[in-house]
Amino acid sequence: MGNSSSMLTQYDIEEVQQHCYHSFSQQEIVSLYQRFCQLDRNGCGFISADEFMTVPEFAVNPLSQRLLRMTEGLNFKEFVAFLSPFSSRASLQQKVEFIFKVYDSDGNGRVTFHEMLDILRDLTGQFISEQQREKVLTQVLEEAGYGKDSLLVQSDFMKILGNSELKMEVEVPVD
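Residues numbered from 1 in each chain as written. Predicted model: local features only at pLDDT ≥ 70, side-chain atom pairs only at ≥ 80, totals over all residues. Heavy atoms only, no water.

By the naming in an unreviewed UniProt entry, the chain goes by EF-hand domain-containing protein and is assigned to Penstemon smallii.

Okay, here's the thing in structure tokens:
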């Protein structure tokens with residue numbers, strides 16, 4: 001699985017579906033496999049950061065550099081798992097776990113004020129000042145019952161985002 005000259009078997013498709021908690025239909029998995037093979041230009045069965053950056057929507061994303069650290073060297077199964085939080089069938093838990101991983105830049109299982117500020121900086125660029133970013137983030141944290149010195153864990157993200165309607169969906173074209 002992953003070599004552009006091979007085909008997916010029914011077993012492969014079902015295995016990938018299980019791995020991504022049935023976030024994608026079998027047809028969508030086949031379409032994702034075709035896209036994966038297009039991205040895997042050297043046919044090695046893995047997608048490099050450079051290959052990922054050829055996707056225009058990914059390349060222009062202000063968080064692309066953060067996402068790249070999550071995508072380097074993905075095989076097909078990992079590629080589908082990476083995309084699964086963006087499926088309309090993904091659970092809120094899957095979406096929050098993904099968001100948490102993006103924020104947790106050092107991978108220690110805790111998100112600091114400065115990590116959140118870094119994300120806000122990536123998202124806003126030069127449009128607002130550093131002082132405004134800090135003020136907004138401090139206010140959001142305080143409204144959620146946290147402070148600047150809080151270390152947020154994944155359950156905190158679930159508490160904060162659990163009541164929201166997270167719209168993280170991408171459509172997978174099916175032939």
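A.B. asks: Requested: an account of the pattern of salt bridges, with residues and values cited.
C.D. replies: Applying the stated rule across the entire model yields eight salt bridges. The shortest N-O distance in the salt bridge between Arg66 and Asp122 comes to 3.0 Å. A residue pair is termed long-range when its members are at least 10 positions apart, and Arg66 in helix H5 (residues 64–71) and Asp122 in helix H8 (residues 113–124) qualify at 56 residues. Shared partners join several salt bridges into a network, and the residues in it are Arg66, Asp118, Arg121, Asp122, Glu130 and Arg133. (Salt bridge = Lys/Arg side-chain N within 4 Å of Asp/Glu carboxyl O. Helix = DSSP H or I, 4+ residues; strand = E, 2+ residues; numbered from the N terminus.)

A.B. asks: So, helix H6 (residues 76–83): which residues are in play, and what are the values?
C.D. replies: Along H6, the residues that are buried comprise Phe76, Phe79, Val80, Phe82 and Leu83. Along the axis of H6, the buried residues cluster in a sector spanning 155°; they form a single face. A distance of 3.1 Å separates the backbone nitrogen of Lys77 from a side-chain oxygen at the start of H6, and that oxygen is part of Asn75. (Buried < 20%, exposed > 50% of the residue type's maximum accessible area, 1.4 Å probe, protein only. Arc of directions from axis to C-beta. Polar contact = N/O pair within 3.5 Å; in protein donor to acceptor, adjacent residues only side chain to side chain.)

A.B. asks: Could you give an account of the state of the cysteines, with specific residues and numbers?
C.D. replies: Under the criterion given, the structure shown has zero disulfides. Here Cys37 is not cross-linked by a disulfide; its sulfur's nearest cysteine counterpart is in Cys44, at 11 Å. Judged by its relative accessible area of 14%, Cys37 falls in the buried class. Judged by its relative accessible area of 44%, Cys44 is partly exposed. (Disulfide = S-S within 2.5 Å.)

A.B. asks: If you had to explain the packing of helix H2 (residues 26–39) against H6 to someone new, which residues and values would you point to?
C.D. replies: In the contact formed by H2 and H6, the axes pass within 10 Å of each other and the chain directions differ by 115°. Between H2 and H6 lies a crossing whose hand is right-handed. On the side of H2, the interface is formed by Ile29, Leu32, Tyr33, Phe36 and Leu39, while H6 contributes Phe76, Phe79, Val80 and Leu83. Per-class residue counts for the contact of H2 with H6 are nine nonpolar, no polar and no charged. (Axes fitted to C-alpha atoms, helices over the stretch in contact; angles between N-to-C directions. Left-handed = near helix turned anticlockwise from the far one by under 90°. Contact = heavy atoms within 4.5 Å. Nonpolar A, V, L, I, M, F, W, Y, C, P; charged D, E, K, R; others polar.)

A.B. asks: How would you explain the UniProt feature "domain: EF-hand" (unreviewed entry) in the chain if you had to name every residue and give the values?
C.D. replies: Following the UniProt record, the feature "domain: EF-hand" (unreviewed entry) maps to residues 27–62 and 91–126 here. From the first C-alpha to the last, residues 27–62 spans 30 Å; its make-up is 58% helix and 0% strand. Within residues 91–126, the helical portion is 67% and the strand portion 0%, while the C-alpha atoms at the span's ends are 34 Å from each other. (UniProt positions renumbered as here; feature names shortened; annotations may be inferred.)

A.B. asks: A description of H8 should follow, citing residues and the corresponding values.
C.D. replies: One turn of the α-helix equals 3.6 residues, which is why residues spaced by three or four share an orientation. Between the first and last C-alpha of H8 there are 16 Å, a value that for twelve residues agrees with the 16 Å anticipated at 1.5 Å per step. Along H8, the residues classified as buried are Phe113, Glu115, Met116, Leu117, Ile119, Leu120 and Thr124. The inward-facing, buried residues of H8 contact H5, helix H7 (92–103) and helix H9 (130–143). (Expected span 1.5 Å × (residues − 1).)

A.B. asks: Hey, could you go over the environment of Leu68 for me, with residue numbers and the actual values?
C.D. replies: Within the fold, Leu68 resides in helix H5. Discounting chain neighbours no more than four positions away, the residues touching Leu68 are Ala49, Phe52, Met53 and Phe58.

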